[in-house]
Every structure is written in structure tokens, then in C-alpha cells.
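Chain by chain, the residues:
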Amino acid sequence: MSTVAAPRAPHAQPLRARGSRALVLTAGLVGALALLALAVGLSLAVGAKSVPLGDVWSALLHPDDSYTSSVVASRVDRTQLGVIVGAALAVAGVVIQGLTRNPLGDPGLLGVNAGASASVVLGILVLGPAAGRSVWTAIPGALLAAVAVYLIGSGGRRATPVRLVLAGAAVSAVLVALVEAVSLTQPLVFDSYRVWVVGSLAGRPPGLVGQVLPFVVVGLVLCALLARPLNALALGDESATSLGLHAGRTRLLGGAAATLLCAAAVAAVGPIAFVGLAVPHVVRSFTGSDHRWLLPYCALLGPVLLLVSDVVGRVVARPGELMVGAVTAFVGAPFLIAAVRRGRMGL
């Protein structure tokens, strides 16, 4: 007797596939968290004086007056700053790429880096070298530059991705010219500015983590709330509008969130390149373009890249060290090249 197979419920297979993929990506987040914990441990353990990981844990749990405890304590602020800045730059990068639909977008695309640099240079010129070590010197310029880019890019109309990119390039060019004009004609300004502009986690003033953390927390929360709207925006403004999304409002809020993150990160450690460009590409190669996964992965893996780069900079130039801004490109380039070769750069 022949039997007839029962009809399969529609969409059952896609639903099971999506559920399986969600489990895999969730497990991947746990793995990314483990990588971050390892990077934090290395950042606390490795330096001019290396400390075994077991001793690092003991020094954190039971601090005392020993030399090992003092070494670990001296690296805590630096490591915390690396986690905060790495997460800020990576998340800002993926948001800017989503807003502009530009796979080469990075935190400098909205003029934030150039604005912070101009603000620091003018601050040093007016207030003296101490201004170059204050986060409050760079933040106003970064925020004003982003506002100028948005106003120019909108021009009284809708701020499209192309207009924002062109406005960012124009504003950045003007500000870079200003920075060069001031720094090259004022030797004292140049001496202070050149230390900041390379980008480094070392030598930052105490209390800096507390100054930048509120900006980063607000920016990350805004980005998390925009995950679904960014997914809709990736379909194009017309399609997003047909789905009930206000594209202009999403672009404004996303730009504000990315600006907060970029401004805080650049003000704290200088304009560190490549993190906001490379990490989103690498993450997108295995998560796809869903910002609900892109954002948490970038928040975890951005600090991994920055902390590992910082550790490499300490090791290769002992007893001195290379600034992390000079190392990130060498560490991150192979990952980006691999993502490009796999052909998964599209948004």
C-alpha cells in the first residue's frame, strides 16, 4: 500500500534554519566574549615587565604592596580605556557604514577625526600644552564638525548618503588644512600635537575612563535601539519609508550616536585608524548584514583588536613600545584582506 507523505508546514524549514543560525551566532558571541577576556588578561600581563596570568588574577582579587600588584594596577586604566575605545570605534564604524551604505565608511567619514584634531590644535595654541592631554579639548571640535557635515549634507533637504560623504570630505579637508597651518607654524603646538595625533593608550591622565564612559554608554545604547531601523535603511530610503521608517530621523539619530562614540574615543586616545573599518568587515563576513548581530559582535571584537595591537606594540619594541595607532593597521590588515578575498564586503 502506498502512502502519501504529509505536507510540510510552510516556512518550517526556513524557521528551523534561522533558529539554528541564531544558536550558532549566540555561541559565537560567547566565543567573542572569551576572546575579549583573553585580550584583557594579556593587556594586564604583558609589558616591559611581564606577569603570569595567574598572578594577574591574584593581584586583581587581593591587591597588596608587592611589585607585581603595582605593575598590574598600573595597567588597569589603560586596559579599561582600550575596551571602551575599541568598542566605540568598531560600533561607530558599522553604524556609519550602514547610514551611508558605504562599505569603506569609518569614523573619520563624518569629519569627526579632523574636527577633534583641529580642536586640539587650537586648544594647545590658546591654552598651552596641557590642553592636549584633556578630553574636553577634543570633544567640542568633533561634535561641531559632525554637525557641520550634517547641515551641509542636508542643505535644507534630505541628507542622502552621497551628500553626507561629500560634505564629510569637504569639511575634513578644510580642518586638516587648518591643523597643518597652525601646527607647522607653531613649533610648541606641533610638539604637543604630534604625541596625541598618532593614537596611544599609554600616558593618559588619571580619571580619563570616567570622563569618556558616559559618552560611550549613551552612544552604544542609541546604536542598539537603531539596529532594526538600520536593517530597513539598508534596503534604500524608498523601501525603508514604505516599511514605515522615517529615514531622515534614523540617519540623524544614527549620526548622533556614531558621533558621540567617535568623539569620545578620539578625544581620549587620538585618531586611531582601521578599527572602525576592519572590524565591521570581518564581523559581517560571518554574521551577514543584520545589525542585531553586527553591533554586539563589533562591541566585543573591537576591543580585542585594539588590546592585541597594544600588546604587540609593547612586545616588539621592548623596553620601549610602539603606539597602538601605528600597530592597528598591521594587525588588522590581514583580516580585512581575507574578508575582501572572500567577496563578502557588501552591505
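Definitions and cut-offs
Residues numbered from 1 in each chain as written. Predicted model: local features only at pLDDT ≥ 70, side-chain atom pairs only at ≥ 80, totals over all residues. Heavy atoms only, no water. Helix = DSSP H or I, 4+ residues; strand = E, 2+ residues; numbered from the N terminus. Buried < 20%, exposed > 50% of the residue type's maximum accessible area, 1.4 Å probe, protein only. Contact = heavy atoms within 4.5 Å. Core = buried A, V, L, I, M, F, W, Y, C linked by side-chain atoms within 4.5 Å. Disulfide = S-S within 2.5 Å. Axes fitted to C-alpha atoms, helices over the stretch in contact; angles between N-to-C directions. Parallel < 35°, antiparallel > 145°, perpendicular 65-115°, else oblique. Left-handed = near helix turned anticlockwise from the far one by under 90°. Expected span 1.5 Å × (residues − 1). Nonpolar A, V, L, I, M, F, W, Y, C, P; charged D, E, K, R; others polar. Patch = residues over 30% accessible without salt bridge, like charges linked within 9 Å, V, L, I, M, F, W, Y side chains within 5 Å. Areas by Shrake-Rupley, 256 points an atom, 1.4 Å probe, with all protein chains shown as cover. Salt bridge = Lys/Arg side-chain N within 4 Å of Asp/Glu carboxyl O. pLDDT = per-residue confidence, 0-100. Phe/Tyr/Trp six-rings, centres within 6.5 Å; stacked < 30°, edge-to-face > 60°.

**Q** Outline the overall build of the protein chain, supporting the account with residue identities and numerical values.
**A** Broken down by element type, the protein chain carries 14 helices and zero strands. Each helix and strand of the protein chain, placed in order from N terminus to C terminus, yields the pattern α-α-α-α-α-α-α-α-α-α-α-α-α-α. With 347 residues in all, the protein chain has 48% of them scored as buried. Expressed as a percentage of contacts within the protein chain between residues at least 6 apart in sequence, the contacts between residues at least 24 apart total 76%.

**Q** Talk me through the nonpolar core; I want residue IDs and the actual numbers.
**A** Leu81, Val85, Val95, Val212, Val275 and Val279 are the most contacted members of the largest nonpolar core, which totals 83 residues. For Val212, the residues in contact, after removing those within four places along its chain, are Leu81, Ile84, Val135, Ala264 and Ala268. Judged by nonpolar contacts, the second largest core, of nine residues, contains Val46, Val56, Ala59 and Val71.

**Q** I'd love a proper account of the state of the cysteines, names of residues and values included.
**A** A complete count under the given rule lists zero disulfides for this structure. Just so you know, Cys223 is unpaired, no disulfide at all, and the nearest cysteine sulfur is the one on Cys262, 9.1 Å from it.

**Q** Can you break down the packing of helix α4 (residues 112–127) against helix α5 (residues 135–154) residue by residue, with the values?
**A** Between α4 and α5, the shortest axis-to-axis distance is 7 Å and the interhelical angle comes to 140°. What the angle tells us is that α4 and α5 run oblique. When you trace α4 past α5, the crossing you get is right-handed. The residues of α5 that touch α4, namely those facing Val112, Gly115, Ala116, Ser119, Val120 and Gly123, are Thr137, Ala138, Pro140, Gly141, Ala142, Ala145 and Ala146.

**Q** Tell me about helix α7 (residues 187–198), and name the residues and values.
**A** Along its 12 residues, α7 runs 17 Å from first to last C-alpha, staying within 8% of the 16 Å computed at 1.5 Å per residue. With its phi angle positive at about 95°, Gly199 sits one or two positions after the end of α7.

**Q** Account for the packing of helix α3 (residues 67–100) against helix α8 (residues 208–225), naming residues and giving values.
**A** At their nearest, the axes of α3 and α8 sit 10 Å apart, and the two run at 30° to each other. The orientation of α3 with respect to α8, classified from their angle, is roughly parallel. Crossing of α3 against α8: the hand is left-handed. When α3 is examined against α8, the residues Asp77, Gln80, Leu81, Ile84, Ala87, Ala88, Val91 and Val95 are found in contact with a partner set consisting of Leu208, Val209, Val212, Leu213, Val216, Leu220 and Cys223. Among the residues forming the contact of α3 with α8, the class breakdown is 13 nonpolar, one polar and one charged.

**Q** Just give me the short version of a nonpolar patch on the surface, but keep the residues and values in it.
**A** On the surface, Leu122, Leu125, Val126, Leu127 and Leu178 cluster together into a nonpolar patch covering about 470 Å² of accessible area. Broken down by element, the residue count for the nonpolar patch peaks at four residues, all from α4. With respect to the helices and strands, the residue Leu122 is situated in helix α4. A relative accessible area of 37% places Leu122 in the partly exposed class.

**Q** Describe the pattern of salt bridges, and please don't skip the residues or the numbers.
**A** Within this structure, the stated rule accounts for five salt bridges. A salt bridge links Asp310 to Arg78, with the shortest nitrogen-to-oxygen separation between them at 2.8 Å. You can see Asp310 sitting in helix α13 (residues 291–316) and its partner Arg78 sitting in helix α3, a full 232 residues away along the chain. Judged by relative accessible area, which is 15%, Arg78 ranks as buried. Note that Glu321 and Arg78 form a salt bridge whose closest N and O atoms lie 2.5 Å from each other.

**Q** Which residues make up unusual backbone geometry, and what are the values?
**A** Negative phi is the rule for most residues except glycine; trans is the rule for most peptide bonds. Backbone geometry places Phe274, a non-glycine residue, at a positive phi of 85°. Here Phe274 lies in the loop between α11 (247–269) and α12 (275–287). The class for Phe274 is buried, based on a relative accessible area of 18%.

**Q** Describe the environment of Pro280, naming the residues involved and giving the relevant values.
**A** Inspection of the secondary structure assignment puts Pro280 in helix α12. What makes Pro280 buried here is its relative accessible area of 0%. Ignoring any residue separated from it by four or fewer positions in sequence, one finds Pro280 in contact with Ala90, Gly93, Val94, Gln97, Val275, Leu294 and Cys298.

**Q** I'd like a rundown of the confidence of the model for the protein chain, residues and numbers included.
**A** Confidence in the prediction of the protein chain, expressed as mean pLDDT, is 83, and 89% of residues score 70 or more. Considering each helix and strand of the protein chain separately, the mean pLDDT is smallest for helix α10 (residues 237–242), with a value of 71, and largest for α13, with 93. Segment residues 4–13 is flagged for pLDDT under 50; beyond a separation of four residues in sequence, or across chains, it makes two contacts in the model.

**Q** Help me get a handle on the environment of Gly141, residues and values and all.
**A** Inspection of the secondary structure puts Gly141 in helix α5. Classification of Gly141 by relative accessible area gives buried; the value is 13%. Along the backbone, Gly141 and Gly123 are 18 residues apart, and their C-alpha atoms lie at a distance of 10.0 Å.

**Q** Describe the packing of aromatic side chains, listing the residues and the values that go with them.
**A** According to the stated counting rule, one finds three aromatic pairs in the structure shown. Centre to centre, the rings of Phe286 and Tyr297 are 5.3 Å apart; their planes meet at 80°, and the pair counts as edge-to-face. Here Phe286, found in helix α12, pairs with Tyr297, found in helix α13; they are 11 residues apart in sequence, far enough to count as distant.

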